[in-house]
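Working through the structure, step by step
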Amino acid sequence: MKVRSSIRSLARQPGAQVIRRGAKVLVINKDNPRCKARQG
């Protein structure tokens, strides 16, 4: 899946997961819950 470069830096953090919910691409992080992002 394509991930915008502005949220890719958050996707590279340790513990981050890139998931898809419907049309939205989300970055969630269980280790650091402040590192969240949404695309779409």
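The structure this text deals with has already been given above.
Calculation notes
- Residues numbered from 1 in each chain as written.
- Predicted model: local features only at pLDDT ≥ 70, side-chain atom pairs only at ≥ 80, totals over all residues.
- Heavy atoms only, no water.
- Core = buried A, V, L, I, M, F, W, Y, C linked by side-chain atoms within 4.5 Å.
- Buried < 20%, exposed > 50% of the residue type's maximum accessible area, 1.4 Å probe, protein only.
- Contact = heavy atoms within 4.5 Å.
- Pairing = 2+ DSSP bridges.
- Helix = DSSP H or I, 4+ residues; strand = E, 2+ residues; numbered from the N terminus.
- Axes fitted to C-alpha atoms, helices over the stretch in contact; angles between N-to-C directions.

1. Regarding the nonpolar core
- Judged by nonpolar contacts, Val3, Ile7, Val25, Val27 and Ala37 together constitute the single largest core of 5 residues.
- Ignoring any residue separated from it by four or fewer positions in sequence, one finds valine 27 in contact with Ile7, Leu10, Ala11, Ala16, Gln17, Val18, Cys35, Lys36 and Ala37.

2. Some words on the sheet that holds strand 3 (residues 37-39)
- Spatially, 1-2-3 is the arrangement adopted by the 3 strands of the open sheet, whose pairing is antiparallel. Whereas interior strands pair on both sides, the edge strands pair on one side only; in this sheet they are strand 1 (16-21) and strand 3. Averaged over all pairs of adjacent strands, the angle between strand axes in this sheet comes to 20°, irrespective of strand direction.
- As paired elements, strand 1 and strand 2 (residues 24-29) share 6 bridges and run antiparallel to each other. Each bridged residue has a counterpart across the sheet, and for arginine 21 the counterpart in strand 2 is lysine 24.

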